[in-house]
Each structure stands twice: as C-alpha cells, then as structure tokens.
Amino acid sequence: MTDTLTITRPDDWHLHVRDGAALEAVVPHSARQFGRALIMPNLRPPVTTARQALDYRDRIRAAVPAGVDFEPVMSLYLTDRLPPAEIALAAEAGVKALKLYPAGATTNSDAGVTDIRKTYKTLEAMQKHGLLLLIHGEVTDPTIDLFDREAVFIDRVMIPLRSDFPELKVVFEHLTTKEGAQYVRDAGGPHTAATITAHHLLYNRNAIFTGGIRPHYYCLPVLKRETHRVALVEAATSGSDRFFLGTDSAPHAAHLKEHALGCAGCYTALTAIELYAEAFDNAGALDKLEGFASFHGPDFYGLPRHADTVTLRREAWTVPETVPYGDAVLKPLRGGETLNWKLQ
Ligand SMILES: [Zn+2]
C-alpha cells in the first residue's frame, strides 16, 4: 500500500474565488496546494473586459500569502455582445480563456449567452488568438429534466459548435455524465478536453438526500446517478490527457446554502487535492493522479508544468466544520468528517 505520494505541483483549472472579503478568505486555501488556478469570471457584474480581468488578477494576487507562489489564470465572461475586438486585448493581457454560461444556468449567469450563434464573430477571434472556450455544458430549456441537461447540450450545442470551429480549444467544464465522458474521449476531436470535480468523482445524487436534504452537496451541474459517477472515475483515471483537474469549488456563506432557496455550489478548495487523492485511491489508480492533476491541464492550455512538487501522506484527520468567510462562515465539503489523505 502506498502511504506517501509525491507529485508535481497540481493546478486547479476551474475555480470560483468571488471578490472582496470572500476572496481574501478563500484564495489562501487554493494557494496552499495549487500552483495556478483558472479563475471563473462570474462576478456581479461579470468580468467582460481585459482591463477588468487585470484588476481582478491584482486583487487575487494581493490575497496570496507572502512567500507562496500562486498564479491566477484569468478568463472573461462570454456574452451575446462581447465585441470581437476585445479578444486581441485579452490575449495581449495574458487572459487565457472565455467562459460560456448558457443564460440562467447557474450562479450569476443571467448575463450569459442566449444563443451561441450570436457569439460566432467573437469565437472566430478566439480561435485566431488561441484563447480557449470553457463551457458550462447544460441546456437551460425548462422542458428538459434537470438531470438530462448535459446530455442534451452535447447534441444541441457541442456537436454543431465543434464542426463550425474545429480548431478552437474547448473545455467541457465539470463533466457529470457518462455521455459527456464518452463524447470528450471519442467524438470531440483533439481540441476538446474536460475538467472533472472531486465531488462528482466521490458522490452520486443520493448524497443530497441521505437522511434529509443536505444543501452542502447541492451544486450545478447537479450530482448524477452512480453509473455516471463510475464513468467519470474511469475517465479521470484512464490516463487520457483529455481529462484534468478542475474543482469548481464555489463558496457560498453557510446560511445562504441552508436556506429555503439554497445556493448551488460545493466548497472543496480547502481540501481539494486530498479529496482527489481519495477518489483515485478508491479506484486503485493513485499512479494516475499526477497526470490528471499536474500534467494534462497545463499541456492543454499550452503552459509549462511546474518544477516543484507536493507530498500527500495517508493519515486520518478531521476537516474543520467551518472556516471564516468575511462576516459569515463557509462549510467545506466533508467538514467535521475524516479524510484519509493529508497534504504535507
Ligand atoms: Zn463553476
């Protein structure tokens, strides 16, 4: 049995850090583990210009503890109206990607895209400048069952998009279904990849309902059936370079999750790499963790792999039940429970 695991420093390719006091509370948790994180742009108002992205990057850098190397990788929020000319400015500023939220799909997504064809001029500019398109892959059609929205998105949006923009690098974010995993592995073409969260590797939808409703397991896209979780574990541990780590850690104050209209999002950044280690260990695939966590992401983004390492040890420890979050508290996923891997 492996009791210590040393891997190249990992990156998180899908992270929400909010702004202000919330940002200051959560950034140190990610910076402790990861060398870089792709920062999601769904603030209010959303980050839609290169200038805003640079200012946001400065605020994130200011929250990184002294002596810690952590680089926020910035993205813009794609809207129906984002001008193609902004793409050249974004590329020049070091912005790496644009995030596509179908309007209304999740937290702060009401400025999102209503019809992807409205963004085609901007997508052409992205393809030309080598910026990635990061996709929240769910239709928002209210006649489609919540649990089927990712599979329907593949047929309605992903397949036509891939044939119209074969050279555009696309990341299918926070994959949740076996249909999604199959599509990325077999049909998406060489410029398609996907992030997978730790919670979708560890839990199926029963977690939301065990013994009563458990709001801290509610996220979007929602947890799916066990068959889907198994397919995601297979994809993540397959060694395929099309799959990489993205936590989708999404902090919300505990009182807004434990609420009649509870917010969607799991806070996993506190113990992210430990949660992934548990998922890979459960699958007997700890040897595949480094590729998934540390190599495939930077390779797809065209960034260098890190030169330093992190070490995890098999050691039972209890996750804090809450952590401070501005004037409120955050409840991390597995708070108060035991984890079997610990970052040294
Ligand atoms: Zn997200």
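In case you missed it, the structure is sitting above this.
The shown structure was predicted, so the numbers you read here are calculated from the model rather than taken from an experiment.

**Observations concerning the overall build of the protein chain**
Part 1 of the reasoning: On a plain count of helices and strands, the protein chain comes out with eleven helices and 13 strands.
Part 2 of the reasoning: Viewed in the frame of its principal axes, the protein chain has a C-alpha envelope of about 50 × 45 × 40 Å.
Part 3 of the reasoning: Here the protein chain, with 344 residues, has 58% of them falling under the buried criterion.
Part 4 of the reasoning: Intrachain contacts of the protein chain at a sequence separation of at least 6 include 73% that bridge at least 24 residues.
Part 5 of the reasoning: Here the protein chain displays about 13,800 Å² of accessible surface, and carbon together with sulfur accounts for 51% of that area.
Part 6 of the reasoning: Distance between charge centroids for the protein chain: 1 Å, based on 36 positive and 42 negative side chains.

**A closer look at the side chain of N204**
Part 1 of the reasoning: Relative to the helices and strands, N204 resides in the loop between α7 (198–202) and α8 (226–236).
Part 2 of the reasoning: Polar contacts involving the side chain of N204 include one to the side chain of E226, which spans 2.8 Å.
Part 3 of the reasoning: Excluding residues within four positions of it along the chain, N204 makes contact with L223, K224, R225, E226 and R229.

**Section: the packing of aromatic side chains**
Part 1 of the reasoning: For the structure shown, the criterion picks out nine aromatic pairs.
Part 2 of the reasoning: Ring geometry for F244 versus Y301: centroids 6.4 Å apart, planes at 70°, classification edge-to-face. Of the two residues, F244 sits in strand β9 (residues 243–245) while Y301 sits in helix α11 (residues 289–301), which places them 57 residues apart along the sequence. Y301 matches F244 in its accessibility class, with the two residues each being buried.
Part 3 of the reasoning: Geometrically, the ring pair formed by Y276 and F292 is tilted, given 5.7 Å between the ring centres and 50° between the ring planes.

**Let's talk about empty space enclosed by the protein**
Part 1 of the reasoning: Counted by the stated rule, this structure contains one cavity of 30 Å³ or more.
Part 2 of the reasoning: Volume-wise, the largest cavity comes out at about 110 Å³.
Part 3 of the reasoning: Lining the largest cavity are 19 residues, with H16, T106, L220, D248 and A250 positioned closest to its centre.
Part 4 of the reasoning: Class assignment of the residues belonging to the lining of the largest cavity gives a composition of six nonpolar, ten polar and three charged.

Calculation rules
- Residues numbered from 1 in each chain as written.
- Predicted model: local features only at pLDDT ≥ 70, side-chain atom pairs only at ≥ 80, totals over all residues.
- Heavy atoms only, no water.
- Helix = DSSP H or I, 4+ residues; strand = E, 2+ residues; numbered from the N terminus.
- Buried < 20%, exposed > 50% of the residue type's maximum accessible area, 1.4 Å probe, protein only.
- Contact = heavy atoms within 4.5 Å.
- Areas by Shrake-Rupley, 256 points an atom, 1.4 Å probe, with all protein chains shown as cover.
- Lys, Arg positive; Asp, Glu negative; His and termini not counted.
- Charge placed at Lys NZ, Arg CZ, Asp CG, Glu CD.
- Polar contact = N/O pair within 3.5 Å; in protein donor to acceptor, adjacent residues only side chain to side chain.
- Phe/Tyr/Trp six-rings, centres within 6.5 Å; stacked < 30°, edge-to-face > 60°.
- 1 Å grid on protein atoms, 1.4 Å probe; cavity = no way out; pocket = protein on both sides within 12 Å on 5 of 7 lines; lining within 4 Å.
- Points joined across faces, edges and corners; volume = space filled by probe spheres on them.
- Nonpolar A, V, L, I, M, F, W, Y, C, P; charged D, E, K, R; others polar.

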